Amino acid sequence: MSDEEHHFESKADAGASKTFPQQAGTIRKNGYIVIKGRPCKVVEVSTSKTGKHGHAKCHFVAIDIFTAKKLEDIVPSSHNCDVPHVNRTDYQLIDISEDGFVSLLTDNGNTKDDLRLPTDESLLSQIKDGFAEGKDLVVSVMSAMGEEQICALKDIGPK
């Protein structure tokens, strides 16, 4: 046996995977899929019949959950697609800073200050107006593949 010590440098990320594989033929409308590296919500799925030489193909039309861009992909139905882990979390809105960031209260009493206001105009104005009126607002934050964005708003009454 040798007396040398072996040192391994790991470049891998120890965190949970951002996606999981799922067979293309089992992904349905309103499900999620990764297209061109972006997490998307499926709005339309059509399956073509098998050709003379080959696989049935699934044609996905999906909308990016963060940018609302429409993306399309065609995948053989027997192949695996990446499906993002999508989480929705509700936080209470504490403050809106001048530079467009929001301060949110987490369930364990800490604050979360790293989220920007949403780019969607109607949601943005609802949040700003409700906050200006002194209402207690709860925002829903959607997170997938290392990105987070405010996607919905609930009014839980006056302060």
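Because the structure is predicted, anything quoted here is derived from the model rather than measured. (Residues numbered from 1 in each chain as written. Predicted model: local features only at pLDDT ≥ 70, side-chain atom pairs only at ≥ 80, totals over all residues. Heavy atoms only, no water.)

**Section: the overall build of the protein chain**
Here is step 1: Looking only at helices and strands, the protein chain has one helix and eleven strands in total.
Here is step 2: Walking the protein chain from its N terminus toward its C terminus, one meets helices and strands in the order β-β-β-β-β-β-β-β-β-α-β-β.
Here is step 3: Residues counted as buried form 33% of the 159 residues belonging to the protein chain.
Here is step 4: Once local pairs closer than 6 in sequence are excluded, the contacts in the protein chain between residues at least 24 apart make up 48%.
Here is step 5: Accessible surface, the protein chain as shown: approximately 10600 Å² in total, 49% of it carbon and sulfur. (Helix = DSSP H or I, 4+ residues; strand = E, 2+ residues; numbered from the N terminus. Buried < 20%, exposed > 50% of the residue type's maximum accessible area, 1.4 Å probe, protein only. Contact = heavy atoms within 4.5 Å. Areas by Shrake-Rupley, 256 points an atom, 1.4 Å probe, with all protein chains shown as cover.)

**A closer look at the layout of surface pockets**
Here is step 1: Quantified by volume, the largest pocket comes out at close to 270 Å³.
Here is step 2: Residue lining of the largest pocket: 16 residues in total, with I65, F66, Q149, I150 and C151 positioned closest to the centre.
Here is step 3: It is strand β11 (residues 147-158) that provides the largest number of residues to the lining of the largest pocket, a total of three residues.
Here is step 4: Broken down by class, the residue content of the lining of the largest pocket amounts to nine nonpolar, three polar and four charged. (1 Å grid on protein atoms, 1.4 Å probe; cavity = no way out; pocket = protein on both sides within 12 Å on 5 of 7 lines; lining within 4 Å. Points joined across faces, edges and corners; volume = space filled by probe spheres on them. Nonpolar A, V, L, I, M, F, W, Y, C, P; charged D, E, K, R; others polar.)

**Considerations on the pattern of salt bridges**
Here is step 1: The full count for this structure, using the stated rule, is six salt bridges.
Here is step 2: E147 is the partner of R38 in a salt bridge, and the nearest nitrogen-oxygen pair spans 2.6 Å. Of this pair, R38 sits in strand β3 (residues 38-48) while E147 sits in strand β11; the two residues are 109 residues apart in sequence, bridging distant segments of the chain.
Here is step 3: Take R38: its relative accessible area is 23%, and that puts it in the partly exposed class.
Here is step 4: For E133, the salt bridge goes to K135, with nearest N and O atoms at 3.3 Å.
Here is step 5: With relative accessibility at 54%, the residue E133 sits in the exposed group.
Here is step 6: On the basis of relative accessibility, which here comes to 31%, the residue K135 falls in the partly exposed class. (Salt bridge = Lys/Arg side-chain N within 4 Å of Asp/Glu carboxyl O.)

**Brief notes about the environment of H59**
Here is step 1: With respect to the helices, strands and loops of the structure, H59 is situated in strand β4 (residues 57-64).
Here is step 2: Spatially, the C-alpha atom of H59 lies 5.9 Å from that of D73, the residues being 14 residues apart in sequence.
Here is step 3: Here E72 takes part through its side chain, which lies 2.7 Å from a polar atom of the side chain of H59. (Polar contact = N/O pair within 3.5 Å; in protein donor to acceptor, adjacent residues only side chain to side chain.)

**Focus on the pairing of strand β2 (residues 32-35)**
Here is step 1: With four bridges connecting them, β2 and β3 associate as antiparallel partners. Within β3, the residue paired with V34 across the bridge is P39.
Here is step 2: Taking the residues between adjacent antiparallel strands as the criterion, β2 and β3 are bridged by two residues, where K36 takes a positive phi near 50 degrees. (Pairing = 2+ DSSP bridges.)

**Digging into the nonpolar core**
Here is step 1: In terms of nonpolar packing, the biggest core is built from 14 residues, with L93, V102, L104, I127, V139, V141 and I150 touching the most fellow members.
Here is step 2: For this core, the secondary-structure elements that each account for two or more residues are β7 (86-96), β8 (101-105), α1 (121-132) and β10 (135-144).
Here is step 3: Setting aside its immediate chain neighbours within four residues, V102 contacts L93, D95, I96, K112, D113, L115, L117 and I150.
Here is step 4: Counting 13 residues, the second largest nonpolar core, distinct from the first, contains A24, I27, C58 and C81. (Core = buried A, V, L, I, M, F, W, Y, C linked by side-chain atoms within 4.5 Å.)

**Brief notes about the sheet that holds β3**
Here is step 1: An order of β2-β3-β4-β5 is seen for the four strands of this open sheet, with the pairing classed as antiparallel. Since the sheet does not close on itself, it has two edges, and those belong to β2 and β5 (70-76), each with one partner. On average, adjacent strands in this sheet sit at an angle of 45 degrees to one another, irrespective of strand direction. (Axes fitted to C-alpha atoms, helices over the stretch in contact; angles between N-to-C directions.)

**Remarks on α1**
Along an α-helix, a turn takes 3.6 residues, which lines up residues three or four apart on a common side.
Here is step 1: With twelve residues, α1 ought to run about 16 Å at 1.5 Å a step, and its terminal C-alpha atoms sit 16 Å apart, in line with that.
Here is step 2: Here α1 has its buried residues at L123, L124, I127 and G130. Down the axis of α1, the buried set is contained in an arc of 145 degrees. They therefore lie on one face. Of the exposed residues in α1, those oriented more than 90 degrees away from the buried face are E121 and A132.
Here is step 3: Phi turns positive, to about 80 degrees, at G134, one or two residues after α1. (Expected span 1.5 Å × (residues − 1). Arc of directions from axis to C-beta.)

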